[in-house]
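# Reading the structure
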Amino acid sequence: MALPSPSRLVFGGLVATAFTLMLAPVVTVMVISVFRQEIVSFPPSGFTLRWYLNAWDRQEFARGFISSLQVASLATLIGVPLGTAAALALVRSGMRGGAAISTLLLGPLAVPGVVAGTALYMFYLRAEFWLDRDITSTLQGLVAAHVLLTIPWTVRLVTASLQGMDRAAEEAAANLGARPFTVFRRVTLPAMRPGIIAACLFSFIQSFENLELSLLLVGPGRTTLPVAMLNYLEFRVDPTLAAVATVQILLVAVLLLVTDRFVSIARTV
Amino acid sequence: MGSLVLDALGKRYGSSVAVERVDLDVRQGEMVALLGPSGCGKTTTLRMVAGFVEPTAGRVLIGGGDVTRAPPHARDTGMVFQSYALFPHMSVGANVAFGLEMRRIGRAEREQRVREVLRLVRLEGLEDRLPRQLSGGQQQRVALARALVVNPAVFLLDEPLSNLDAKLRGEVRMEIRALQQRLGLTTLIVTHDQEEALTMADRLVVMERGRVRQVGSAEDLYERPADPFVAGFVGRCNLLDGRLETPGRFRTASGALLPCGAPEGAGGDAVLALRPEHVRVAPAADGPGRLVAVTYLGPQTEYHLDLAGTRLLAVQPTPGAADPMRRLSPGDAVSISWDAAAARLLPAAQPDKEPDA
């Protein structure tokens, strides 16, 4: 067998380095979550699962998990249809200023989360004053903010799947007797499907793990998981957080794997 | 099944004209080709028949009924798209059944008709494949089957062969034509390939810049072209600018006086059209012409000639090995002749004087 050429070795090395850099933090968190000692140090004095029990016992994480799940689901459910409609309009109508609107919709990606969160907080306070009702610490307020996170992803992903489709297929359907709505349902929607599924996934994850935007907007008793973790960190530093993070990482991994069974993510994104 | 009538059909986009005014009567069971270079309006015309482009003038009648304002789904046409436009997420069977489904035809009959039409295009047994699992030729036949299965009154083909390789193209051409004749389909085909049009269609419509130049059979267009554009587009042709000096005598722009088949009339700018196969060449030391280049093409040989400053192309059967023609080489003097009747006088190409608005 011939030895691999130097360029192949260099390439292989770069790939290995990239993967190490990306995966090291994840693996570290997972390893730390089973260290026995409270203050993280090396080498471990032993291994235990008690931090997982501790996380389970502390209500704020379980509640935070439920809240996050609730907020992420609602934000996805509202944001993805909105983003899909926007993508359709942008790609199909050829309207004036489409490029500007498209940039605007991608805006939330460019603005730092803390800035956006603070701006929203101030805006909500104003709105509360005008409307004379609570917004800042309500579920609605938080979900509305998270919808902003879901829209850029949805617009990007659905636009990509629409641009990749052969519009003649829609004409063919019309030619065969399909009315406009049937054309949409039977031809256009299936073409957008991979984009929409990927958009749901990314939207959900974006919302689920968001800390900065949520920080000022969560109300008492409605703390999301990332905020609950930050709160915990203010008082103690022990591997409980690593245990919670591990559970979160596994959840996202499962979501990705399940989605990949329906649409090949590598092909869509 | 039915006839197709285009009545003064036109399309403008703002001030630019895509299709000027097309009058065409396609009889039941006839196949008509719209032929022309890209941008001539042939595809726009086809799309107006299918209902994807709304005409700005004129009418479209299918089977005698006016469908000018009808949406595509309400027109009884079956179209084969250049890209085939198969539904990528549906199986071959579902693609073909789509039109029947839209017509609310029961499952049993649907399945039977799909089977029959797939047998017709020789794709039986491939019902469950996805389009991307098929070759280009097979995809093309699925597109044909999908359009045929609904028995459309008018069959529309938009450059159906342009995505096939040359060898397959010839085969499919014959297949489509045979199918069209067997089923008696009223058919409109759009193509920029003159060979395709000549071999498939009963009649051809030559279009250029939104206008119909000539309508006729292959023989009409080749032997009796109406203008220099048609003469040059359908087959190869020597087109010489000049004018008729006296009956039967044509003076080229470069000054040569040539015999032509115009019995009467004189003066006025004109174009002399002379098919290369009608030009005879012979070695002659004192001949008026000069050989510029010879191209050997197997059964035929092309001679590029210069006749007193005028370039001419002659195509002759390749002479036998002993023939003195075989020894001709560039620079040699030759005699050039043709039957006066073979040289047709056509009206000079009119520069587009009419304003576009």
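Note that the structure is a prediction, hence the values are computed from the model and not measured.

## Side note on the overall build of chain A
- Counting its secondary structure elements, chain A contains 11 helices and zero strands.
- In sequence order, the secondary structure elements of chain A are arranged as α-α-α-α-α-α-α-α-α-α-α.
- Along the longest, intermediate and shortest principal axes, the C-alpha atoms of chain A span 75 × 75 × 30 Å.
- For chain A, buried positions account for 33% of its 269 residues.
- Within chain A, contacts between residues separated by at least 24 positions form 76% of all contacts whose residues are at least 6 apart in sequence.

## Section: the pairing of strand S6 (residues 77-80) of chain B
All names here are of chain B.
- Residues of S6 alternate between two faces, with Thr77 and Met79 on one and Gly78 and Val80 on the opposite face, all of them buried.
- Two elements, S6 and strand S7 (residues 154-158), share four bridges in a ladder whose sense is parallel. By the bridge assignment, threonine 77 is partnered in S7 with valine 154.

## Some details on the UniProt feature "domain: ABC transporter" (unreviewed entry) in chain B
- Within the UniProt annotation, "domain: ABC transporter" (unreviewed entry) is assigned to residues 4-234 of chain B.
- Helix makes up 36% of residues 4-234 of chain B and strand 26%, and the two end C-alpha atoms of the span are 25 Å apart.

## Digging into the environment of B:Asp306
Residues and elements named next belong to chain B.
- Residue placement: aspartate 306 occurs in strand S17 (residues 300-307).
- Considering only alpha carbons, one finds aspartate 306 and lysine 42, 264 residues apart in sequence, at a separation of 37 Å.
- If sequence neighbours within four positions are ignored, aspartate 306 has contacts with Gly289, Arg290, Val292 and Arg311.

## What to know about the environment of B:Arg326
Residues and elements named next belong to chain B.
- Looking at the element boundaries, arginine 326 is found in the loop between strand S18 (310-317) and strand S19 (333-337).
- Judged by local crowding, arginine 326 falls into the partly exposed class, with 15 C-beta atoms found within 10 Å.
- With sequence-adjacent residues up to four places away left out, arginine 326 is seen in contact with Pro319 and Ala321.

## Side note on the interface of chain B and chain A
- At the interface, 16 residues of chain B touch 14 residues of chain A.
- Taken together, the elements giving at least two residues each to the side of chain B that touches chain A come down to S6 and helix H2 (92-102) of chain B.
- Ranked by the residues each element gives to the side of chain B that touches chain A, the list is headed by H2(B), at three residues.
- Considered class by class, the residues forming the side of chain B that touches chain A number 10 nonpolar, five polar and one charged.

## A few points about the packing of helix H6 (residues 139-163) of chain A against helix H8 (residues 180-208) of chain A
Residue and element names in this part refer to chain A.
- Look at H6 against H8: their axes get within 8 Å of each other, and the N-to-C directions meet at 155 degrees. On the basis of the axis angle, H6 is roughly antiparallel to H8. Of the two possible hands of crossing, H6 and H8 adopt the one that is right-handed. Listed contacts from H8 to His146, Leu149, Thr150, Trp153, Thr154, Leu157, Val158, Ala160, Ser161 and Leu162 of H6 are Ala191, Met192, Pro194, Gly195, Ile196, Ala198, Ala199, Phe202, Ser203, Gln206 and Ser207.
- Counted by class, the contact of H6 with H8 contains 13 nonpolar, eight polar and no charged residues.

## Thoughts on the domain arrangement of chain B
- If you check the domain split of chain B, you get domain 1 (4-223) and domain 2 (242-347).
- Taken over C-alpha atoms, the centre of domain 1 of chain B sits 41 Å from the centre of domain 2 of chain B.

## Quick notes on the UniProt feature "transmembrane region" (unreviewed entry) in chain A
All names here are of chain A.
- Following the UniProt record, the feature "transmembrane region" (unreviewed entry) maps to residues 9-35, 71-91, 103-125, 137-158, 195-219 and 239-258 here.
- Secondary structure over residues 71-91 splits into 100% helix and 0% strand, and the C-alpha atoms at its two ends are 29 Å apart.
- Between the end C-alpha atoms of residues 103-125 the distance is 27 Å, and the span holds 91% helix and 0% strand.

## Here we look at helix H7 (residues 168-175) of chain A
- Most of H7(A) is tucked away, with seven of its eight residues classed as buried.
- Every buried residue of H7(A) is listed here: A:Ala169, A:Glu170, A:Glu171, A:Ala172, A:Ala173, A:Ala174 and A:Asn175.
- In the core, the buried residues of H7(A) are packed alongside H8 of chain A together with helix H1 (42-50), S6 and H2 of chain B.
- Just beyond H7(A), the residue with positive phi is A:Gly177, at close to 110 degrees.

## Notes on the packing of H7(A) against H8(A)
Residues and elements named next belong to chain A.
- Closest axis-to-axis distance for the H7/H8 pair is 10 Å, and the angle between their directions is 140 degrees. One finds that H7 runs oblique with respect to H8. The two elements H7 and H8 meet at a crossing, and its hand is right-handed. Between H7 and H8, the contacting residues are Ala169, Glu170, Ala173 and Ala174 on the first element and Val183, Arg186, Val187 and Thr188 on the second.

## Brief notes about the nonpolar core
- Core analysis: the biggest nonpolar cluster contains 101 residues, and B:Ala33, B:Ala145, B:Leu188 and B:Leu272 have the highest contact counts within it.
- Counting the residues that make up this core, at least three belong to each of domain 1 (4-223) and domain 2 (242-347) of chain B.
- In contact with B:Ala33, other than residues within four places in its own chain, are B:Ile189, B:Thr191, B:Ala197, B:Met200, B:Ala201, B:Leu204 and B:Val205.
- Counting residues in hydrophobic clusters, the runner-up holds 44 residues, among them A:Trp51, A:Val143, A:Ala199 and A:Leu213.

## A closer look at H2(B)
Residues and elements named next belong to chain B.
- Counting buried positions over the 11 residues of H2 gives eight, a clear majority of the element.
- Of the positions making up H2, those classed as buried are Val92, Asn95, Val96, Ala97, Phe98, Gly99, Leu100 and Met102.
- Directly after H2, the chain includes arginine 104, whose backbone phi takes a positive value near 55 degrees.

## Some points on the confidence of the model for chain B
Residues and elements named next belong to chain B.
- Per-residue confidence for chain B gives a mean pLDDT of 88, with 96% of residues at or over 70.
- Per-element mean pLDDT across chain B ranges from 83 in strand S13 (residues 257-259) up to 95 in strand S3 (residues 31-35).
- Scored below 50 in pLDDT, residues 353-357 shows four contacts in the model against residues more than four places distant or in partner chains.
- The ipTM for the predicted assembly is 0.82, set against a pTM of 0.79.

Parameters and conventions
Residues numbered from 1 in each chain as written. Chains lettered and ligands numbered in written order. Predicted model: local features only at pLDDT ≥ 70, side-chain atom pairs only at ≥ 80, totals over all residues. Helix = DSSP H or I, 4+ residues; strand = E, 2+ residues; numbered from the N terminus. Buried ≥ 20, exposed ≤ 12 C-beta atoms within 10 Å, placed from the backbone. Contact = placed C-beta atoms within 7 Å. Pairing = 2+ DSSP bridges. UniProt positions renumbered as here; feature names shortened; annotations may be inferred. Nonpolar A, V, L, I, M, F, W, Y, C, P; charged D, E, K, R; others polar. Axes fitted to C-alpha atoms, helices over the stretch in contact; angles between N-to-C directions. Parallel < 35°, antiparallel > 145°, perpendicular 65-115°, else oblique. Left-handed = near helix turned anticlockwise from the far one by under 90°. Domains from an automatic or database assignment. Core = buried A, V, L, I, M, F, W, Y, C linked by C-beta atoms within 7 Å. pLDDT = per-residue confidence, 0-100.

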